[in-house]
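Fold and contact review
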Amino acid sequence: MAVRGKSRGRVSRRRGSFRTSAMLSILPVVMITGILGGCGSGNSSTHGSGSVSFSTNTISFKAAAPFAQAPSSQTITGTVTGVTTGTLYVTVQVNNPNSLFTVTSPTITGNSGQVSVVPAIPSSLSNGSFSGSITITACLNDASCQTGQLSGSPQTIPVSYVIGSGVDGNTVTPRVVPANTAGMVILRGAGFTGATSVNFGSATASSLTVVSDSEIHASYPALAADSYPVTINSGNISFSASMLAVSPPAFTATAIPYPSGDALIYPDSAEIEYDAQRTALFILLPGGNSTNPTLLRYGLDGSAWGSPTQVSMAGLQRVHLSPNGTHLLALVMPDSTDTSMVELDPVTLAQTKVTTIANPSVPESGTVACGFAIANDGNAIVEFALGDNGFAFGTSSRSFTLMSTDGACDPVASGNGAVVALGGTNYLASSGTFTQQGAQTDSEATADFVGDKFVYSGSVEDEVAQFLGYTNGLVGQIINSPGTRVYGITLDPALGQPTLATFDLTATPSGNPPLFPQLGTTMALPNSCSSSGCSGGFYALATTLDGSVLFIAGPDGVIVQPIP
């Protein structure tokens, strides 16, 4: 780049006369040249005691995790003194093999110039420690700067970039598993390199794969109902999570009406979560425009479902059990100012802790944090409506981190927590990064165990949003853990009463549009409404660990339905 100007007894510069070297596309070099006016000819090789100094001798960046937004840029200022005549050449060479950062075009003011060092988005690098450098050279009358170096030149400024792993606490996913059935879990934590054994209590994992320093896949044998501390290398690698094996009770088909006045009004739909540890159901009723959202908890006492514990809360958006099962996480945003994660006792629904963060500035009116899903790295991935960046909430550290990607309002996690679909992009817990494309989602979207099939609004997609086929005429659905069946709610055309249909995802879809075949005929369900008074609308579904029982939250109440 060049600066040109002459005057008597002082140096002057003309704005707008800089240009980037043509070599930039081949080599990571930015060339700055300038002609300084003064006494003597412009090609003089004498320059007195000219020197250059720099505002910093090191640049360091730090990001909490790969999913975090990039840290702020940093500026390097160079100041030239003691030069009265000659042609000044300055080169900025970026030694940056891993694309850690870029350097902006310089700006010149008086006898100093500035460049900004812009760090890469953390997700483009993943976690770890990275390093590069910037070499700045200043000389007179030699475009190659082989001669005429100013004092203080060349200066090499190291650039470091540290990105944390993003794993928050120790987790086992899934934490609760069916008793007397072998399976596989994902362990997340730190220091796993060198792990050779995993134990569930005294039972040894039948196989294990160390994916990274923060991730292990371990297969467990069939275990009796009990809690099993998980140890790695006989406890020599620190890990503090447990796995719980439970035997589900013998559920019977039944309908549970909501408390008086809590029926939903179309198009509102409920949210549902099953707590297999405590044999309890959480139902979130959105409340429409006139009342606050209401959270209901139904517990099974022997063979009967008791009256619900309930709490109303302004701005309540979604609820999910924490990774360790000790509390219920409730996403709350009553206005556009703040977002809170409220922790509730999973039995009494009493508030135990509230963590609040100010929302980022948002351009769209009415933007709210409206959904979250929990990844197996211990982070709750919180998304905003209208496409604004969301947060990752560390469920152990209780810290919010602004994320570097946009998603949709209704995130959904795979059963093993490895993939969180964000409505067009996916969060990959193993690396803490985002894909360029991912499954679509809506408020009733569900995923299979490994995260390679997602169902939303009757459409079945794989993890990269490739369309696989449709299930027909559903007002609510759930995919089973192996990804072989979709159970969906259809409505009796005359009475509006819900019925259950089963679709075979192992078959090839046919027709136009391509539909997966239905297995058998639709199943009548216990009525949660009078035969002529069903409200219609949408349904949300959950299932037991073994997939043998469906829990269905509809406009009028909850239906419990064993699957034959």
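Reading the values: the criteria
Residues numbered from 1 in each chain as written. Predicted model: local features only at pLDDT ≥ 70, side-chain atom pairs only at ≥ 80, totals over all residues. Heavy atoms only, no water. Helix = DSSP H or I, 4+ residues; strand = E, 2+ residues; numbered from the N terminus. Buried < 20%, exposed > 50% of the residue type's maximum accessible area, 1.4 Å probe, protein only. Areas by Shrake-Rupley, 256 points an atom, 1.4 Å probe, with all protein chains shown as cover. Pairing = 2+ DSSP bridges. Axes fitted to C-alpha atoms, helices over the stretch in contact; angles between N-to-C directions. Disulfide = S-S within 2.5 Å. Contact = heavy atoms within 4.5 Å. pLDDT = per-residue confidence, 0-100.

The helix and strand tally for the protein stands at 0 helices and 49 strands. Out of the 564 residues in the protein, the part that is buried amounts to 51%. When the accessible surface of the protein is split by element, carbon and sulfur atoms take 50% of a total near 23,600 Å².

A cis geometry characterises the amide bond from Ser153 onward to Pro154, with omega recorded as -5°. Looking at the secondary structure, you find Pro154 in the loop between strand S10 (128–140) and strand S11 (155–163). A cis amide bond links Asn512 to the next residue, Pro513, at an omega of 5°. Here Pro513 shows up in the loop between strand S45 (498–504) and strand S46 (523–524). One non-glycine residue, Asn180, lies in positive phi territory at about 60°. Inspection of the secondary structure assignment puts Asn180 in the loop between strand S13 (176–178) and strand S14 (183–188). By relative accessible area, which is 54% here, Asn180 ends up exposed.

This next bit is on the sheet that holds S14. With respect to topology, 4 strands assemble into an open sheet ordered S12-S14-S18-S17, the strand pairing being antiparallel. Each edge of the open sheet is held by one strand with a lone partner, namely strand S12 (171–173) and strand S17 (207–212). Taking the axes of each pair of neighbouring strands and ignoring which way they run, one obtains an average angle of 20° across the sheet.

The final tally for this structure, using the stated rule, is 2 disulfides. Here Cys139 is linked by a disulfide to Cys145, with a sulfur-sulfur distance of 2.1 Å. In this structure, the disulfide formed by Cys139 and Cys145 twists by about -80° around the S-S bond and is classed as left-handed. Comparing Cys139 with Cys145 shows no difference in burial state: the two are buried. One disulfide in the model links Cys370 with Cys409; its S-S distance is 1.6 Å. Separated by 39 residues along the polypeptide, Cys370 in strand S31 (residues 369–374) and Cys409 in the loop between strand S34 (400–406) and strand S35 (412–413) bring together distant segments of the chain.

Within the secondary structure layout, Ala195 lies in the loop between S14 and strand S15 (198–200). Taking C-alpha positions, Ala195 is 9.2 Å from Asn236, a pair spaced 41 residues apart along the chain. Sequence-distant contacts of Ala195, defined by excluding residues within four places in its chain, comprise Leu208, Val210, Ile216, Ile232, Asn233 and Ile237.

Should the pLDDT be low somewhere, the predicted coordinates at that spot are not to be read in detail. Scored by pLDDT, the protein has a mean of 86; 87% of the residues are at 70 or more. Counting contacts from residues 1–48, a segment whose pLDDT is below 50, to residues more than four positions away or on other chains yields 104 contacts.

Pairing is mixed across the open sheet formed by 5 strands, whose spatial order is S13-S20-S19-S15-S16. The open sheet has two edge strands, S13 and strand S16 (203–204), and neither has a second partner. The pairing of S13 with strand S20 (residues 242–246) spans 3 bridges and is parallel. Looking at S20, one finds that Pro178 is bridged to Val246.

Before going further, it helps to spend a moment on the pairing of S17. When S17 meets strand S18 (residues 215–220), the two strands line up antiparallel, connected through 5 bridges. Among the inter-strand pairings, Ser207 is bridged to a residue of S18, identified as Ser219. Hairpin remark: S17 followed by S18, antiparallel, with 2 residues in the connecting loop.

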